[in-house]
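# Examining the three-dimensional arrangement
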Amino acid sequence: MTDEELEEFQKGLTKTFFLSILQDLGEIEDTISDYEVKALIQKALTHHPELQVEWGEMDRFGQNTLLVRYQNNLLLIEVSPLINAIRVLWNEYKNQST
């Protein structure tokens, strides 16, 4: 993969991920839990047809580690900070709007 192809892939993935998260959050009427955020993250990443996404085994990888396969590459992503950020921001927004 060339640098240009990698950059294009990253931009497309970022756009798809954030638009999916925003759309799914817009359909939620109440505050959300960590588990619900984890489901949103996994769903958002699976919108990209070239990615295989699953949660890593807790005993091997920890509580919030995503395994993302792309072509012959495996990426381990610790998403605890992302989960917390989405949950806190969304819950504060929902609490202020009610």
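In short, a report on the structure. The structure displayed is predicted, hence computed values, not measured ones.

This brings us to the side chain of Lys94. Structurally, Lys94 is set in helix α4 (residues 80–97). The side chain of Lys94 sits in the buried core without any salt bridge; Glu29 is the nearest counter-charge, 4.8 Å away. Sequence-distant contacts of Lys94, defined by excluding residues within four places in its chain, comprise Ile28, Glu29, Asp30 and Thr31.

What follows is about the packing of helix α1 (residues 3–26) against helix α2 (residues 34–46). Packed helices, taken two at a time, are described by the angle between their axes plus the distance between the axes. At a minimum axis distance of 8 Å, the contact between α1 and α2 shows a crossing angle of 135°. Considering their axes alone, α1 and α2 lie oblique with respect to each other. Here α1 and α2 pass one another in a crossing that is right-handed. Two secondary-structure elements touch here, α1 through Leu13, Thr16, Phe17, Ser20, Ile21, Asp24 and Leu25 and α2 through Leu40, Ile41, Lys43, Ala44 and Leu45. Here the contact of α1 with α2 is composed, by residue class, of 8 nonpolar, 2 polar and 2 charged.

Attention now goes to the packing of aromatic side chains. Aromatic ring pairs: the centre-centre distance and the angle between the two ring planes describe each pair. Applying the stated criterion to the full structure yields 3 aromatic pairs. Between the aromatic rings of Phe17 and Phe18, the centroid separation amounts to 5.1 Å while the plane-to-plane angle is 85°, which identifies the pairing as edge-to-face. Given a relative accessible area of 10%, Phe17 falls into the buried group. Judged by centre distance (5.2 Å) and plane angle (45°), the ring pair of Trp90 and Tyr93 falls under tilted. With Trp90 and Tyr93 both in helix α4 and 3 residues apart, this pair spans about one turn of that helix.

The next point concerns α4. Compared with an ideal rise of 1.5 Å per residue, which puts 18 residues at 26 Å, α4 spans 26 Å between its outermost C-alpha atoms and is within 8% of the ideal. Those residues of α4 not exposed but buried are Ile83, Ile86, Trp90, Asn91 and Lys94. With its buried residues spanning 115° around the axis, α4 presents them on a single face. Away from its buried face by more than 90 degrees, α4 exposes Pro81, Leu89, Asn95 and Gln96. In this fold, the buried residues of α4 make contact with α1, α2 and β1 (51–55).

Scoring rules and cut-offs
- Residues numbered from 1 in each chain as written.
- Predicted model: local features only at pLDDT ≥ 70, side-chain atom pairs only at ≥ 80, totals over all residues.
- Heavy atoms only, no water.
- Helix = DSSP H or I, 4+ residues; strand = E, 2+ residues; numbered from the N terminus.
- Buried < 20%, exposed > 50% of the residue type's maximum accessible area, 1.4 Å probe, protein only.
- Lys, Arg positive; Asp, Glu negative; His and termini not counted.
- Salt bridge = Lys/Arg side-chain N within 4 Å of Asp/Glu carboxyl O.
- Contact = heavy atoms within 4.5 Å.
- Axes fitted to C-alpha atoms, helices over the stretch in contact; angles between N-to-C directions.
- Parallel < 35°, antiparallel > 145°, perpendicular 65-115°, else oblique.
- Left-handed = near helix turned anticlockwise from the far one by under 90°.
- Nonpolar A, V, L, I, M, F, W, Y, C, P; charged D, E, K, R; others polar.
- Phe/Tyr/Trp six-rings, centres within 6.5 Å; stacked < 30°, edge-to-face > 60°.
- Expected span 1.5 Å × (residues − 1).
- Arc of directions from axis to C-beta.

Nothing here speaks to function; it is all geometry.
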